Structure formats: structure tokens, C-alpha cells
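Commentary on secondary and tertiary structure
Spelled out from the first residue to the last, the chains are:
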Amino acid sequence: MDSRAVQEAAQALYEARSNKETIAPISQTLGIEGLQAAYEVAAINTQRALSEGRVISGWKVGLTSHAVQKQLGVDQPDFGVLFTDMEFVCGATVPVSRLMQPKAEGEVAIVLGRDLSGELTWGRFLNAIEYVLPAIEIVDSAIQDWRITLADTVADNASCGLYVLGTDPKRLTDLSLRDCVMRFECNGQLVSEGTGAACLGHPLHAAWWLASKMTALGQTLRAGDVVLSGALGPMVPVTTGSSLFLEVQGLGTVSCQTD
């Protein structure tokens, strides 16, 4: 892949988000194709964010729901970086006005209690998980009308926007994440529903995919990292002035207002 095209794509996405002006798919305009080039674009803007003083709070796994994959015309997960300025706690007023094309999803958030360093095994992975929480992720895209390919969303930091965490943490042994039922309401109306099985068959499978991917890239998930494991059902558009309420059976509820 032409390194100049990768740099130009990173700059185009950075300016789009800075100016809150969507752009045409970079897969078309700059020929960004394939995961390697797309992740290189994302990495440039991650380093730029860190140099500007932003701090990583965790990671998200995207495109884990077959319903969302169908919506966006892609067929595999991706991952992106979460920053502390994206995080809100249940009951907050969330500034979706910072975003361009916000859509909301109901998810399971996994919080690590220790670093996942050394050789990765399933046992060490499970042992590293401190607790789980219900979460609302409000995704966003810098690409006009969400006309994304997998390369477009990967390059755009997996379409990260903002996220809201619940306040009643649960242990993995307290519930069955695979069987939990999710109900998501906007302004009192049911807008999305699903189960843990919609997230790569099990939210832990999605988090394991991320851990394995990070290990292969020579990176480490660390204690305190939040992992948004992926949508449990279809994402829905949101606007300012909305009231969002998510219930995940066994995990509890999380809610917010949008501004």
C-alpha cells in the first residue's frame, strides 16, 4: 500500500472529525483497501491523539453482531481505541452534538483487573476479567451516510464515538452472558433487542478475539482497560434530546440523556 495514501487518509479522517464534516469513503477516494492499510491509518490518528494529550481507557470490538454486519455490509469484526474523553457514567448527559452521525447500541462492557501479559491462554484471559457491566455505545462515522466498507470503519477507529457504563458491576460467575436478553429503549419506545449470543455467539468470544488480536500485534490489554465487546442487537440512530435506557438481563440497567 502506498504510504502516501495512508498518510492522506489519516489526515482526511482527522480533519473530518475535527471539522465535523463527513467525507466520501476513503476506500474509494484514496484506495485504502485491506486490513493492514486500514489499521495503519487508524494507528496514525491514535498516535496523534496521544500526542495531543488524550488517554486510552480501553478498546472496543466492532461488527460482532450479524444484524449490524448485515446493516453495514461487512462480514468480520474489527477493533478500535477508546479514550477517557469518550467515557460517561450512567445518568450522564452525553454530548452527541460532538458527533456527526450517531447511532446507539446495547453492549456488555468487560473490565480487566490485571494485565494480559505473557502467553495468552483462555484461563489467564478469564482470570484477568474483574467484572462486567451493561453499556451503551454511541458509535459515529466520518464517512458520508455510513457508506462504509470494512477498511473504512477500521481506518476510522472502528467508528468509535462515546460510551456510557452502568454502575452495578457483576462477576462472570453471577450470570450467563450468552443467554442474557437485551432491551434498548429510546424515549420510552423499544428500538432494539437481542441476546448475548448475538455477539459472536458469546460476548466473551468477542473479548477473546480482541485479546488474541492484540497479542498477535505485540500489544497488551492492561488492568483497568474497558473492553466494549460488541452489539447485542441492531444499532439505531439517535439525536440530541433523547432519553436512552438499556436493560441487560442479569447485568442490570444503564441510561443517559443526549445533548
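First, a word on scope: everything that follows refers to the structure included in this document.

Overview of the pattern of salt bridges
Counted under the stated rule, the structure contains nine salt bridges. Arg17 is the partner of Asp156 in a salt bridge, and the nearest nitrogen-oxygen pair spans 2.9 Å. Of this pair, Asp156 sits in the loop between α6 (150–155) and β7 (162–165) while Arg17 sits in helix α1 (residues 3–19); the two residues are 139 residues apart in sequence, bridging distant segments of the chain. Across the pair Lys60 and Glu137 runs a salt bridge, and its minimum N-O distance is 2.9 Å. In this pair, Lys60 is assigned in strand β1 (residues 56–62) and Glu137 in strand β6 (residues 129–139), connecting sequence segments 77 residues apart. Here Lys60 and Glu137 have matching classes, each one buried.

Here's the deal with the pairing of β7
Alternating positions in β7 separate into two faces, Leu162 and Val164 on one and Tyr163 and Leu165 on the other, with burial throughout. Relative to β7, strand β3 (residues 87–89) runs parallel, the two being bridged by three bridges. For Phe88, the partnering residue across the bridge sits in β7 and is Val164. Bridge count for β6 against β7 is four bridges, and the pairing is antiparallel. Across the sheet, the residue bridging to Ala135 is Leu165, located in β7.

A look at the environment of Ser97
Counting through the fold element by element, Ser97 comes out in the loop between β4 (93–94) and β5 (103–112). Of the residues examined, Ser97 reaches a relative accessible area of 38% and is grouped as partly exposed. Residues Ser97 and Asp259, spaced 162 residues apart in sequence, show a C-alpha to C-alpha distance of 6.3 Å. Every residue in contact with Ser97, bar those within four places of it in the chain, is listed here: Lys20, Thr240 and Asp259.

Some points on the side chain of Gln101
When you line up the elements, Gln101 lands in the loop between β4 and β5. You can call Gln101 buried: its relative accessible area is 16%. Only 2.8 Å separates the side chain of Gln101 from the backbone oxygen of Ile143, close enough to count as a polar contact. Beyond its immediate chain neighbours, meaning those up to four positions away, Gln101 contacts Thr22, Val139, Asp140, Ser141, Ile143, Gln144, Asp145 and Trp146.

A word on the sheet that holds strand β12 (residues 243–248)
Here five strands make up an open sheet; going across it, the order is β4-β13-β12-β8-β9 and the pairing mixed. Strand pairing shows two members of the sheet lacking a second neighbour, β4 and β9 (189–195), which therefore form its edges. Two elements, β12 and strand β13 (residues 252–258), share six bridges in a ladder whose sense is antiparallel. Each bridged residue has a counterpart across the sheet, and for Leu244 the counterpart in β13 is Cys256.

Thoughts on the pairing of β13
Direction of pairing for β4 relative to β13: parallel, over a ladder of two bridges. Each bridged residue has a counterpart across the sheet, and for Thr93 the counterpart in β13 is Gln257. Taking the residues that link successive antiparallel strands as the turn, the β12-β13 hairpin has three residues, and the phi of Gly250 there is positive, at about 90°.

Remarks on unusual backbone geometry
One non-glycine residue, Asp145, adopts positive backbone phi at about 55°. In this structure, Asp145 sits in the loop between β6 and α6. Even without a glycine there, the phi angle at Trp146 is positive, about 55°. Positionally, Trp146 belongs in the loop between β6 and α6.

Definitions and cut-offs
By convention here, each chain's residues receive numbers from 1 onward along its written sequence. Restriction of local features to residues with pLDDT of at least 70 applies here, the model being predicted, together with a cutoff of 80 or more for giving and counting side-chain atom pairs; totals for whole chains, interfaces and linings are based on all residues. Neither water nor hydrogens contribute to the side-chain values; these are computed over all heavy atoms in the structure. Here, a salt bridge means any side-chain nitrogen of Lys or Arg that lies within 4 Å of a carboxyl oxygen of Asp or Glu. The way it works is that DSSP assigns letters per residue, a run of H or I at least four long becomes a helix, a run of E at least two long becomes a strand, and they are numbered from the N terminus. Exposure is judged per residue with a 1.4 Å probe applied to protein chains only, and the accessible area is read against the type maximum: over 50% gives exposed, under 20% gives buried, and values in between give partly exposed. Note: two strands are recorded as paired if DSSP finds a minimum of 2 bridges between them. Working rule for contacts: check all heavy atoms of both residues, and any pair within 4.5 Å makes them a contact. Here a polar contact means two N or O atoms within 3.5 Å. Within protein one must be a hydrogen donor candidate and the other an acceptor candidate, and residues neighboring in sequence count only if both atoms are side-chain atoms.

Everything listed here is a matter of geometry and, on its own, says nothing about what the molecule does.
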